[in-house]
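Listed below, chain by chain, are the residues.
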Amino acid sequence: MKIFLLLFFTVFIWSAIKPHDYFTWFLEVLPAVLALFVLGFTYRRFKLTTLVYSLILIHCIILMIGGHYTYAQVPFFDFIKEIFNQDRNNYDKLGHFAQGFIPAIIAREIIIRKNIINFEAWRNFFILCFCLGFSAFYELVEWWVAILSNDSADDFLGTQGYIWDTQSDMAWALFGAIFALIVLRKYHTKQLQNIKKI
């Protein structure tokens with residue numbers, strides 16, 4: 001956990017130093033800070049697997065990088081944009097892929113450990129619905145922020161003129177959740193078995 005905190009605060013401090021815009025930085029980094037408080041509060045009562053903590057840290061770092069540069073201006077993805085002659089900086093798509101990929105494993109861990117849904121097919125269906133619902137709710141939050149803050153929310157929305165951005169974001173989250181369940185299922189199950197042995 002010490003390494004988690006060290007990496008979290010190192011990136012957090014870096015992201016807070018002269019970001020593109022402090023309002024956008026606050027909006028993007030707030031979920032990472034809230035996650036840190038939730039993890040700190042639940043650490044002793046419901047300790048998660050190393051895999052889940054690692055994935056949450058990766059998601060927090062993605063958020064903090066996006067907050068520092070804005071999702072439309074992350075330099076490495078500008079470089080990718082130029083190489084592949086893309087119309088937009090697609091760092092936001094990485095963020096939305098992670099928005100499905102990482103919550104899928106978090107939800108899977110909670111559901112299995114709390115014995116909420118034991119039949120795997122129904123469990124996977126519920127996880128995909130949860131991740132898609134979570135992504136849709138985040139799009140609603142972006143909409144509400146845009147309404148309340150008018151033009152200053154453009155960097156937070158990161159649409160870059162793409163009219164199907166909202167639908168694309170949700171599709172990337174769904175794809176991320178599906179991919180997580182396929183790729184990490186066996187490894188995650190092994191970590192859950194190790195917790196039961198302790």
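All of the points below concern the structure found in this document. All values reported here derive from a predicted model rather than from experimental measurement.

Some remarks on the overall build of the protein chain
- A count of helices and strands for the protein chain gives nine helices and zero strands.
- Taken against the 2.2 N^0.38 rule, which gives 16 Å for 198 residues, the C-alpha radius of gyration of the protein chain at 17 Å falls within 12% of a compact globule.
- C-alpha extents for the protein chain along the principal axes are approximately 50 × 35 × 35 Å.
- Put simply, the protein chain has 198 residues, and 41% of those count as buried.
- Within the protein chain, residue pairs in contact and separated by at least 24 positions form 74% of the contacts whose partners lie at least 6 positions apart.
- A total accessible area of about 11700 Å² is found for the protein chain, and carbon and sulfur atoms account for 70% of it.
- Where the 17 positive side-chain charges of the protein chain centre and where its 15 negative ones centre are 23 Å apart.

Side note on the environment of H20
- With respect to the helices, strands and loops of the structure, H20 is situated in the loop between α1 (2–16) and α2 (22–42).
- Linking H20 and G67, residues 47 residues apart in sequence, is a C-alpha distance of 8.0 Å.

Some thoughts on the environment of L181
- The topology assignment puts L181 in helix α8 (residues 165–183).
- In this structure, the C-alpha to C-alpha distance between L181 and F101, residues 80 residues apart in sequence, is 8.1 Å.
- Ignoring sequence-local partners within four residues, the contact set of L181 consists of R108, N124, I127 and L128.

Quick notes on the pattern of salt bridges
- Counted according to the given criterion, the structure contains four salt bridges.
- Salt-bridge contacts for D92 lead to K93; the nearest nitrogen and oxygen are separated by 3.5 Å. Both residues of the pair, D92 and K93, count as buried.
- Residue R185 pairs with E120 through a salt bridge whose shortest N-O separation is 3.7 Å. Of this pair, R185 sits in helix α9 (residues 185–197) while E120 is found in helix α6 (residues 120–149), placing the two residues 65 residues apart along the sequence.

A word on α1
- Spanning 15 residues, α1 covers 21 Å between terminal C-alpha atoms, matching the ideal 21 Å at 1.5 Å per step.
- Where α1 is concerned, the buried positions are F4, F8, V11 and S15. With its buried residues spanning 75 degrees around the axis, α1 presents them on a single face. Facing away from the buried side of α1, by more than 90 degrees, are the exposed residues K2, I3, L6 and I13.

Calculation notes
- Residues numbered from 1 in each chain as written.
- Predicted model: local features only at pLDDT ≥ 70, side-chain atom pairs only at ≥ 80, totals over all residues.
- Heavy atoms only, no water.
- Helix = DSSP H or I, 4+ residues; strand = E, 2+ residues; numbered from the N terminus.
- Rg over C-alpha atoms; globule rule 2.2 N^0.38 Å.
- Buried < 20%, exposed > 50% of the residue type's maximum accessible area, 1.4 Å probe, protein only.
- Contact = heavy atoms within 4.5 Å.
- Areas by Shrake-Rupley, 256 points an atom, 1.4 Å probe, with all protein chains shown as cover.
- Lys, Arg positive; Asp, Glu negative; His and termini not counted.
- Charge placed at Lys NZ, Arg CZ, Asp CG, Glu CD.
- Salt bridge = Lys/Arg side-chain N within 4 Å of Asp/Glu carboxyl O.
- Expected span 1.5 Å × (residues − 1).
- Arc of directions from axis to C-beta.

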